[in-house]
Amino acid sequence: MEDPDKTEVVLLACGSFNPITNMHLRLFELARDHLHETGKYKVIKGIISPVGDAYKKKGLINANHRVTMAKLATKDSDWVEVDDWESSQSEWMETLKVLRYHHQKLLSPDPTSSLQNAIPLTKPGRKRKQEPNRHDPVKKKKQSPNIKSVPQVKLLCGSDILESFGIPNLWKSEDITEIVENHGLVCISRVGNSVQKFIYESDILWRHKNNIHLVEEWITNDISSTKIRRALRRGQSIRYLVPDIVRAYIEKHNLYSSESEDRNAGVVLAPLQKHASDSKY
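Analysis parameters
- Residues numbered from 1 in each chain as written.
- Predicted model: local features only at pLDDT ≥ 70, side-chain atom pairs only at ≥ 80, totals over all residues.
- Heavy atoms only, no water.
- 1 Å grid on protein atoms, 1.4 Å probe; cavity = no way out; pocket = protein on both sides within 12 Å on 5 of 7 lines; lining within 4 Å.
- Points joined across faces, edges and corners; volume = space filled by probe spheres on them.
- Helix = DSSP H or I, 4+ residues; strand = E, 2+ residues; numbered from the N terminus.
- Nonpolar A, V, L, I, M, F, W, Y, C, P; charged D, E, K, R; others polar.
- Salt bridge = Lys/Arg side-chain N within 4 Å of Asp/Glu carboxyl O.
- Buried < 20%, exposed > 50% of the residue type's maximum accessible area, 1.4 Å probe, protein only.
- Core = buried A, V, L, I, M, F, W, Y, C linked by side-chain atoms within 4.5 Å.
- Contact = heavy atoms within 4.5 Å.

Chemist: So what's going on with the layout of surface pockets? Which residues, and what values?
Modeler: Looking at the largest pocket, its volume works out to about 1,200 Å³. Along the walls of the largest pocket sit 49 residues, with C14, G15, S16, D160 and I161 positioned nearest its centre. Elements that contribute at least two residues to the lining of the largest pocket include exactly strand 1 (7-15), helix 1 (22-37), helix 3 (95-107), strand 4 (152-158), helix 4 (159-164), strand 5 (185-190), helix 8 (225-233) and helix 11 (270-278). Grouping the constituent residues of the lining of the largest pocket by class yields 23 nonpolar, 14 polar and 12 charged.

Chemist: So what's going on with the pattern of salt bridges? Residues and values would help.
Modeler: Where charged atoms from two side chains of opposite charge come close, those side chains can pair. A full pass over the atoms with the stated rule returns 15 salt bridges. We note a salt bridge from D53 to R66, for which the minimum N-O separation is 3.2 Å. A residue pair is termed long-range when its members are at least 10 positions apart, and D53 in the loop between strand 2 (41-50) and helix 2 (63-74) and R66 in helix 2 qualify at 13 residues. Taking relative accessible area as the criterion, R66 reaches 0% and is therefore assigned buried. E94 is the partner of K274 in a salt bridge, and the nearest nitrogen-oxygen pair spans 3.5 Å. Residue K274 is found in helix 11, and its partner E94 is found in the loop between strand 3 (80-82) and helix 3; the two are separated by 180 residues along the sequence. The exposure class of K274 is partly exposed, given its relative accessible area of 32%. Each of R239, D244, R247 and E251 takes part in one network of salt bridges that share partners.

Chemist: Break down the nonpolar core for me, with residues and values.
Modeler: One finds L11, I20, F28, I48, M69, L156 and I250 to be the most contacted residues of the largest nonpolar core, which totals 37 residues. Listing elements by their share of this core, those giving two or more residues are strand 1, helix 1, strand 2, helix 2, strand 3, strand 5, helix 8 and helix 9 (244-253). For this core, the leading source of residues is helix 1, giving six residues. Once residues lying within four places of it in the same chain are set aside, the contact partners of I48 are A13, F17, I20, L25, F28, A70, T74, V80, E81, V82 and D83.

Chemist: Break down the environment of Q196 for me, with residues and values.
Modeler: The residue Q196 is located in helix 6 (residues 195-201) in this model. The exposure class assigned to Q196 is exposed, which follows from its relative accessible area of 61%. Spatially, the C-alpha atoms of Q196 and K209 are 9.5 Å apart, while their sequence positions differ by 13 residues.

Rendered as structure tokens:
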């Protein structure tokens, strides 16, 4: 029997996935194990959301390739999937807007792409509400007293993302507040990492520390997309660092080279451009 008191959770990972690695996939497994071990949560889905090309990160290859590789990497998973909504946007999307979008998708089975529908949460796990201007054909039918809560969409990340909150103009403070207050974080950190110290030094994170789940990675894994690309540029093997099907795709399309690594060189990262511009007004 399922425990009705457990809160359902969807884990959302945003990032470049340039390329996706075995470590990216491990983050989901580590996070699910941790949340289940608390006895309070049931993870029902994991979502990988690759960033769009408009992010302008150095060395970022075309989103179509990154989405395809992520789909290949997760094709055998029974709970982690890839969503290309963020990557298909013509403009860079703040992580908060992506969280809002996926929350809205849980509220309505057919959400529009309009961010007007991606409204802020009032509190995590709020009850389903009837959408405005939608008419119920059976108006007098009584609602069941046990209305199912909308699953929480929590941001899954590594400690580097959490620490990036402190980089000027990379994140808006109001976005950080809404992310940790209304959605929550599941942060995978290596043993001995200073993530707890970073939370202590941040008033926003400290205020909502109970909504930040820190998961220690006891079986250490130092795989990163940056190191994968470096190995590929040098003609070195990446076998067992990425799924074999992803490795074959990279080789077939000759995706990573010195030329691809220079893509967006000298271009200011999209959030730094936007937030620095906004701060002038």
